[in-house]
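Each chain, letter by letter, is given below.
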Amino acid sequence: MEILLIDSILRSILVGSLFTLIGIGVTQTVAVTKIFNFAHGELVTIGAYVACLITKFIYYPLNLPIAIISSFIVPALIILLIDEVVFKPLTRKGATSLMLMVASFAVSLGLRYSLYIITTSQRLLTIMSEISLRTIYTIGDGRITNLFLWAVPVTLASVLLLEFLFLSTKSGKAMRAVAENVSLARATGINVDYIRRLTWIISGGLAGIAGAFWSIYTQTNPEIGWVILLRGFAASTVGGYYSFFGTIVGGYLVGLSENLIMDLINRFFGISIMYKPVLTFALMISFLLFKPTGLVLEDVNLAKILKKIYLYWGK
Amino acid sequence: MSEEKKGEGVPSRRGYLKTVGAGIVGLAVGAAIGYGAAPKAAPGAVTTVTKTETVTAPAGGKTITIGALVCTSGAAAAFGEEEKSAFEVGLDHVNRELEEAGSSIRFEIISADTGTTAEGALKALTSLVETRGIKAIVGPGNSIEVGGIKAYCDANKIVSVAMSSSEEYSVKDYIFRPFVTNKLSAGPVAKLMWSEGKRKVACIYRDDSFGRSLNDYTKKAFEKLGGVWKEIKYMIDLPDYSSEVAALSAAVKELGADEETAVFHVTFETDGLNIYGHAATDPVLSKVKWYGTTDAKRDAFLPPAAPTAIGDFLAKVDSTGLFPVNPLSKINREFAEAYRAKTGTSPSGWATYFYDDVWILCLSLLETEGKFGETLWKIVPKVAERYAGASGPTPLDENGDLAKCDFGVWHVTKVNNTYKFEYSKYYSATTGEFGPWVPEAFMG
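What counts, and at which threshold
- Residues numbered from 1 in each chain as written.
- Chains lettered and ligands numbered in written order.
- Predicted model: local features only at pLDDT ≥ 70, side-chain atom pairs only at ≥ 80, totals over all residues.
- Heavy atoms only, no water.
- Helix = DSSP H or I, 4+ residues; strand = E, 2+ residues; numbered from the N terminus.
- Buried < 20%, exposed > 50% of the residue type's maximum accessible area, 1.4 Å probe, protein only.
- Contact = heavy atoms within 4.5 Å.
- Areas by Shrake-Rupley, 256 points an atom, 1.4 Å probe, with all protein chains shown as cover.
- Pairing = 2+ DSSP bridges.
- Axes fitted to C-alpha atoms, helices over the stretch in contact; angles between N-to-C directions.
- Expected span 1.5 Å × (residues − 1).
- Bend = angle between axes of the 7 residues up to and from the residue.
- Salt bridge = Lys/Arg side-chain N within 4 Å of Asp/Glu carboxyl O.
- Core = buried A, V, L, I, M, F, W, Y, C linked by side-chain atoms within 4.5 Å.
- Domains from an automatic or database assignment.
- Patch = residues over 30% accessible without salt bridge, like charges linked within 9 Å, V, L, I, M, F, W, Y side chains within 5 Å.
- Phe/Tyr/Trp six-rings, centres within 6.5 Å; stacked < 30°, edge-to-face > 60°.

### A few points about the overall build of chain B
Step number 1: Assigned secondary structure in chain B consists of 12 helices and 18 strands.
Step number 2: For chain B, buried positions account for 61% of its 444 residues.
Step number 3: Long-range pairs, those at least 24 residues apart, make up 71% of the contacts in chain B with a sequence separation of at least 6.
Step number 4: Carbon together with sulfur atoms contributes 53% to the accessible area of chain B, which is approximately 16,200 Å² in total.

Listed below in C-alpha cells is the structure:
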C-alpha cells in the first residue's frame, strides 16, 4: 500500500505537539512535586469537555481563543484543589512517591467516574467540538488543517514561555531549585508552597490546552485523557521525567513513531498500522532500560537558538 | 536542572527513576495486554450494582430476581443507558401484566455495570451470582462482554438472554441471542453494495470479534459475487485514528476511487466519530460512497449531536447501511411510548431487543415456575419460538441465535439543514430480495 508521506509527517508534528503539551506537565509535576500524577489524563479530559462546551455557545472568531483560555483555567483550578485536599496533606504526612502515585490513581478514578455521572446526566457522554477540522492548505498529499495552524504555534509559544520562565524569572529559578532539592530550597528561603502551586497551575493548564486541541482533533468522552496519558508519560520518559527539552523531543518522537515510522513499517514490512501503540511502549522501555535519566538537554536555550536562526536568516 | 545527586540514605535519581519507571512500564504493559484482551477501556475494575426499583409481590406471593449486565461506563456507556432503560420498561410491563392477571409472582432486576469490557462483564456477573444469588440474566449487549461471561455461564448453568453479533459465540451454550448476528447481516450488505454497482470495496474495521467476523462474512459474500475487497483493521480504544484513515484513503486511491469503489466501515460510536472527523477532510474518501453496519445508524453521528462537518460528510458520501426492522405492532408502539415517558427520548431499534430479552426470560421463568439452570435453558428456545414482541418474532436456531431477520436500507439525507437517517428499501429474509420501503408498515 502506498504511503502519504507529507500527510504522515504533518500528522506526526500535530499529534507530537499535543503529546508535548501533556508530557511537559507530567515532567514538571514529577520534577517539582515528585508525584507521578495519573490524574493528569483526566485534566486533559476536563480541558476537552470545557472546550467543547465553550464552542457550543461562543462562535467564530472568539470561540477557539476563549476555549483555549478556559481549558487552561478550569483544569488548573481543579488540580490546585486536588493538591490542597489530597497531595499536600499526604506529602506532609511523609507519604512516599509510590503512595502519592497510588493516591493519584484514586484521584484519577474519582474524576473519571464524576465525569461519567455528570456527562451521562447531561447527555454529553460523547461530544465533539463545534469547531471541525478544515483543510486550509494542501502540500502534496498532506493537508494543513485549522487545528494544525493553532496547535503547533501554541505549543511552540508555550515552550518558549516556559523556557523564559525557567531561565529568566525568579519563580522559574526557584522551581528548578525545588526540583533539585526541596529541603535545600526551603532553607534558602524559597516559598515551596508557592512554587508547588505554580507548578500545578502550569501542568494542569497545559494538559487542559492539550485537551482543547484534542477535542477538535477527535471526539471527547470520559476515557480520552486516560488513553492519551500513556503518550504523555512516554514523552516524559524520554526527558527522564526531569528534562524539559528532553520531553519536547519525546513528544515529537512519540508523534513520529505512531505516524511516520509506523506508516513506513507498514509500507515496507507489511505490518498493520494497528500495532502503532507498540512503538510508544518500545520507546518508553528502551529509554528506561538504556537511558533512564532520559535525554538531558539542560543547556538548550531555545530562544537563543531561534534568535541565531533569525539573525542568520536576516543576513 | 543538573544530574543526579547521591548521598547516604538518599536513593539516586537513577534508582528512583528506575523504580517508578518500572511501575509505569508495568502499568503500560498491563494496559497493552488490556487492549488485546479487553478491547474497550473501562475506568477500572469497579463493579456498580444497582437494584432498579423495589418490587413487592402480593402477600404469599413470590418475587423472582434476575440480573442485568449493562455497560453504563466505558466506551459504550451511552448505549448502556439505553439498555438499562429498556430492561426497566420491559420489567414494568411484565409485572403490570402479572398484576392484571391476578398473579402473585413478580420479577425484579438487579443490574451491574460491565464497564464495556470482558473482564468487567465477568466481574459484574460473578458479583451478581455470588452476592445476590442471581441465576439468570438479561444482557450483556455486545460481543466483547459476551466473550467475558460465556465460559462462566456454561460452567455454572447461568442462562443469559443477550445481544451480540459475533459468530464465534454462535455455539450451543447458555447464551441465547435473539438478535441479528453478523452471519445474518453480511450477505444482505454485500448484496446491497453489488446491486448498487459497487465492485471494489475498501473495508475499515475494528479488530475485535465483532469487527473481524463481520468483515470476514461480508468479504466472503462480496467476493463470491465477483467483487474485490481490501481491508484495514484497527486496534480499538486508540485515542486517534488519523493514520488508519490515511491508510484507508491510500487503499481507496489504489482501487481507483471511482463509481465502482466504496468504503465499508465497521465502527462503533467513539471510533466512528473519530474516523468520520478525519475522513471529512480527505478529498479521496469524500469521493466514494460509504456503507456501514447496523452501528452506523446512530443519532450521535448526525447534527445536532455531531458537528455539521460530519453530517455534511455523511450526506455527501451517501452513507448507507442496513438496520433490523420490525413490522409495526401494538407492542412496539406501547414500548416506544413507555420508553419515551421514562427517558424523554425515543428508543432506537436496539432498545426493542433489550425489551424483548426481559420478556423472553421472564416468560420462560414463569413456565419453569422459577426453576433455573438446565430446566430454564431447555425452555427458553421454546418460548422464543412462540414469542413475538417489540422486535417482532424471535425464532432461534439450533445454537440459540436469531434464525432470521428483515432489514431496512437506510441512508443519510440532508434536507433544509436537517440531517436524517431515511429508509429507502426493505430486505426480506424470506425472499432474499430488496423491495420498496413502506413507512406505514415498519418500525426501524
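Still to come is the rest of the account.
### Here we look at the sheet that holds strand β15 (residues 407-415) of chain B
All names here are of chain B.
Step number 1: Strand order in the open sheet formed by 8 strands is β8-β7-β9-β10-β11-β15-β16-β17, and the pairing between neighbours is mixed. Each edge of the sheet is formed by a strand with only one pairing partner; in this case those strands are β8 (228-234) and β17 (433-436). Across this sheet, the average inter-strand angle for adjacent strands is 30°, counted without regard to direction.
Step number 2: Examined bridge by bridge, strand β10 (residues 289-292) and strand β11 (residues 320-324) share 2 bridges and lie parallel to one another. Its bridge partner being in β11, Y291 is matched across the sheet by T320.

### Let's talk about helix α9 (residues 224-238) of chain A
Residue and element names in this part refer to chain A.
Step number 1: Across its 15 residues, α9 extends 22 Å between first and last C-alpha, which sits within 8% of the 21 Å expected from 1.5 Å per residue.
Step number 2: Along its length, α9 reaches its greatest deviation from straightness, about 25°, at L230.
Step number 3: Burial analysis of α9 places 14 of its 15 residues in the buried class, which makes it a mostly covered element.
Step number 4: Looking one or two places after α9, you find G240, whose phi comes out positive at around 65°.

### What about the pattern of salt bridges?
Step number 1: Overall, the coordinates contain 33 salt bridges over all chains when judged by the stated rule.
Step number 2: Residue A:D83 pairs with A:R196 through a salt bridge whose shortest N-O separation is 2.9 Å. Of this pair, A:D83 sits in helix α3 (residues 63-92) while A:R196 sits in helix α8 (residues 192-217); the two residues are 113 residues apart in sequence, bridging distant segments of the chain.
Step number 3: You can call A:R196 buried: its relative accessible area is 9%.
Step number 4: With a closest N to O distance of 2.8 Å, B:K150 and B:D154 form a salt bridge. With B:K150 and B:D154 both in helix α4 (residues 143-156) and 4 residues apart, the pair spans about one turn of that helix.
Step number 5: You can call B:K150 buried: its relative accessible area is 17%.
Step number 6: Relative accessible area serves as the criterion here: at 25%, B:D154 is assigned to the partly exposed category.
Step number 7: Each of A:D7, A:R11, A:R143, A:D263 and B:D282 takes part in one network of salt bridges that share partners.

### Quick notes on the nonpolar core
Within soluble globular proteins, side chains that are nonpolar generally end up buried alongside one another.
Step number 1: In terms of nonpolar packing, the biggest core is built from 134 residues, with B:L125, B:F264, B:W290 and B:L361 touching the most fellow members.
Step number 2: A domain-level breakdown of this core finds at least three residues from each of domain 1 (13-181 + 326-393) and domain 2 (182-325 + 406-443) of chain B.
Step number 3: Leaving out residues up to four positions away in the same chain, B:W290 has contacts with B:L248, B:V263, B:H265, B:I275, B:Y276, B:A279, B:L285, B:F313, B:V317, B:D318, B:S319 and B:T320.
Step number 4: The next biggest cluster of nonpolar side chains, apart from the first, holds 91 residues, and it includes A:L100, A:F213, A:I228 and A:L229.

### With respect to a nonpolar patch on the surface
Residues and elements named next belong to chain A.
Step number 1: On the surface, a cluster of nonpolar side chains totalling about 550 Å² of accessible area is made up of F268, F269, I271, Y275 and V278.
Step number 2: With respect to the secondary-structure elements, I271 resides in the loop between α10 (244-269) and α11 (276-290).
Step number 3: Owing to a relative accessible area of 39%, I271 belongs among the partly exposed residues under this scheme.

### Here we look at the packing of aromatic side chains
Each aromatic ring pair is characterised by the separation of its centres together with the angle its planes make.
Step number 1: Evaluation of the coordinates by the stated rule reveals 30 aromatic pairs over all chains.
Step number 2: Look at A:Y113 and A:Y116: their rings are 6.3 Å apart centre to centre, the planes differ by 45°, and that puts the pair in the tilted class. You can see A:Y113 and its partner A:Y116 sitting in helix α4 (residues 97-121), 3 residues apart, about one turn around the helix. Accessibility classification places A:Y113 together with A:Y116 in one group, the buried group.
Step number 3: Measuring from centroid to centroid gives 5.2 Å for B:W290 and B:F313, while their planes differ by 85°, and the two rings are edge-to-face.

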